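Tertiary structure, described
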Amino acid sequence: MRRLELLLTLSLLSLVVTLDAQKKIISGLIRDFHSDEPIPFASVVFKGSTTGTLSDSAGRFAFFLNRWPSDTLEITCVGYQPFRLYVDPAEDSITRLISMERGTFNEGVKVRVRVNKGLLVWRKIVKHKDQNDRYRFDYFSYELYNKLEVDLRRVNFKGLSRLRPIRPVADLISSSIDSSEVPPVLPTYLTEALSDYYYQKKPLRRREVIKAANTNGVKNESIVKFLGGMDQNVDIYDNFIPVFDKQFVSPASDNGDAYYNYRVADTQFIGNHKFYHLVFTPRRHGENTFEGDCWVNDTTFAIQKMNLRLGKDANVNFLEKLSLIQEYKLINDSTWFLSKDKFVADLSPFGKESPAFVGRKTTTYKNVVVNDSSVLAELAKNKLQEEIITLPGATEKNKEYWIASRHDTLNRNEKAIVKMIDTLMASSEFRRFTNKLNFIGTGYLNVGNYQLGPWYNWVTYDGWEGLRLRFDLQTNKKFDRKLWLHAYLAYGFVDAKFKGQAEALYIPQKHPRLYLYGSYINDLDFGQDYYGEISSDNIFALAVRKNNIPFKYMNVEKTNFEILKEFNSGFSLRPAVLYKSFTPLKNLPPKDSFAADGGDPMTTFEVGIHLRFAYLEKFLESNFFRTSLGSPYPIPEIYFGHGIPGVFHSSYSYYKLSGSISDYFKIPPFGSKYFSVFGGRTFGTLPYVLLDIAPGNELYYYNKYAFNLMNKYEFIGDKYMGVNIEHNIGNGLFRFIPKLRFRQFWTAKVLWGSLSDANVALNFKEGSNFQDLNGRTYMELGTGVDNILHVLRIDFIWRVFPATLDKASDHPFGIFGSFRLSF
């Protein structure tokens, strides 16, 4: 018995001595400074010693030592700059969060080998795509949690506080942030969404049910729909990966070896599975490619984690850094499925030393169901190929619901955002500040239930009116959420006449859209009837007008009433009633030269219907208006109109038929293309204002939808057909000079037209400057340089046909400028 007690005492004494000796502890977590993602299998070594380890698959490491081997801990990893951590000899226990900055994936000595193991692994990835891509399943579903965060960097609030107009807002933001709880960035905005997503491959059907959305003050259903997963199309197994509005070659592309160099940097075990650490870098500068690494299972060659970065030569505007991460997990013994998406982008619109935005989008996937009948049962509810359903009360969930339903808890930075937004939304100073910014940026100022502006139309000048003053007043959603009213009054000091407009829009139903619209206008024609991107009724137009082209002035009195009815399918019809009376004022054939029987000349009453089909078209909506984000399919449109004489002194009987089909699509790696094919016919003998006037441009500002070497009212016809093509190539030839970040494009615009003998006799009178193509081809070809200083585009346009110019003022070549904001 005593012998047993002695043995136990010695054992305990030995344990105490051992624990006392191992009194030096250092541990930490290694993360990517930009993405905050853990860095697995980084080398952690005490400098000048043989004591070292690797971080685990979650980026953690720990040492338990009798003494410090040295005072410096060195952390290295492929793709990162070395990190050195000072170890204070006086400390016994150290815990650190280590953030590593990006480096290069090209370290080390290049050794020529007969067999490139990295290339072999890439080939295996491509070969096994059909077994690993999640879209291999016939149908699947999952619960999706999406979180979007926006932060501000490099904002000096002490400096801003010195500016009197924004001092209250700057002080308010500074006081709402606890600097001890957040990194050196200002958390600005946070949104969350929780949804159930369903997918079927053949026939293609997709459905998303948004169960909850936390938009922190933004109450806009169209924005809520974009917070889900319907538009998250990043698939690393695809040949191309979208980055903003561009397509980049995926490292797992079928042609990846033409764009990337591959090498295996390491081999590690994670759990019971062996993985290759595959590193890839671009073969050439100036192409739409990534750099990064991935971990690849050695048996199935499924990608377990992919880290993508954009290199310094990536031609993406305003972008400092970008990280794109995808992770996959096993949902059974051999099936890998997407578990996490992360997208982090640093945007600097005003330069690298100016304030910058940091956007973080994190998406996690749970409750994955594959090839189960429950998925088909839910998809059977679809009336369209794609549907996004927002459940009632989705935006009203309380804090307790979010705490229980989030896939992960909010970190300290994200909690600070919610706190700051709550503070700002309750601040009258902040609301006044944002109203001022909105007024400067959009031109409109909200005052109670009304809106003033746009300010850039208040003061203008033209050759007919001289100095022109204009005042606009309209209602906003505080006045009524379904009814919008707008009116303006303008006065010219030379012609001494008032002009103006009054219009009303009533929207009883938003989805699918139904509205009633009516307007009356009596004013000069400033280009609103053309397809122009800039009209003449603002302070910028005179500065870019072409020389030696006579101003043409036309007064238009117009009354319009229309109804729009949309259907869930994307089909819409818009019947309309239109009364118009034209009065030429200068450099156009006068009204009295077109006598009319039983009515006023140049006066018409027209009824018509406009048909349009835009399948799966998406919109960004405000309360009254919306902006189309396009459709994945071509959009056809048809208009049929009939002129009726004898109504309100109208004089003409005629029929109009016109139509078009347009589309915008990407053709990676060759950029994107826009095209429009259009045509029409007018049946009747009419004055030129009621015929088909080809859209011309009398400004040096490039117009995408007009013929830029053609003047307004230059070509008229009663039968026409045309094509408009624009191909944005991307870097093109400028990839050889990547520092310029210029982009290349080409355009082609073609028009065929003719005019009947009766209309020629009526309109081609002495003094008129009209032209008739008479079956000839009008063609403009162009190319140019885009993305100069990120916003400027220069077009070089040649008028190829007609080969002979009919007037001395015609020019076969022109240079045009424009501003384009894009990534």
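In this report, the structure presented in the accompanying data block is examined. Computed from a predicted model, the values in this text were never measured in an experiment.

Criteria and cut-off values
Residues numbered from 1 in each chain as written. Predicted model: local features only at pLDDT ≥ 70, side-chain atom pairs only at ≥ 80, totals over all residues. Heavy atoms only, no water. Salt bridge = Lys/Arg side-chain N within 4 Å of Asp/Glu carboxyl O. Helix = DSSP H or I, 4+ residues; strand = E, 2+ residues; numbered from the N terminus. Buried < 20%, exposed > 50% of the residue type's maximum accessible area, 1.4 Å probe, protein only. Pairing = 2+ DSSP bridges. Axes fitted to C-alpha atoms, helices over the stretch in contact; angles between N-to-C directions. Expected span 1.5 Å × (residues − 1). Contact = heavy atoms within 4.5 Å.

**Focus: the pattern of salt bridges**
- Enumeration according to the criterion identifies 35 salt bridges in this entry.
- Ionic pairing is found between Lys499 and Glu465, a salt bridge with its closest N-O pair at 2.7 Å. Of this pair, Lys499 sits in strand β26 (residues 497-509) while Glu465 sits in the loop between β23 (459-462) and β24 (466-475); the two residues are 34 residues apart in sequence, bridging distant segments of the chain. Glu465 carries the same exposure label as Lys499, and that label is buried.
- A single salt-bridge network, built from bridges that share partners, covers Glu37, Lys305, Glu327, Lys340 and Lys342.

**Points about the sheet that holds strand β1 (residues 24-32)**
- Read from one edge to the other, the open sheet built from three strands follows the order β4-β1-β7, with strand pairing classed as mixed. The open sheet has two free edges, formed respectively by β4 (60-65) and β7 (93-100), since each of these has just one partner strand. Each strand of the sheet is rotated relative to its neighbour by a mean of 15°, with strand direction disregarded.
- With six bridges connecting them, β1 and β4 associate as antiparallel partners.

**Concerning helix α10 (residues 428-442)**
- Between the first and last C-alpha of α10 there are 21 Å, a value that for 15 residues agrees with the 21 Å anticipated at 1.5 Å per step.
- Immediately downstream of α10, the backbone of Gly443 shows phi near 95°, a positive value.

**Looking at the side chain of Ser754**
- Mapping Ser754 onto the fold places it in strand β39 (residues 743-754).
- Owing to a relative accessible area of 18%, Ser754 belongs among the buried residues under this scheme.
- Once residues within four sequence positions are removed from consideration, Ser754 is found in contact with Gly717, Asp718, Lys719, Asp772, Asn774 and Gly775.

**What about the pairing of strand β42 (residues 813-819)?**
- Side chains of β42 alternate between two faces, with Gly814, Phe816 and Ser818 buried and Phe813, Ile815, Gly817 and Phe819 left unburied.
- Here strand β41 (residues 792-801) pairs with β42 via seven bridges, running antiparallel. Its bridge partner lying in β42, Leu792 is registered against Phe819.

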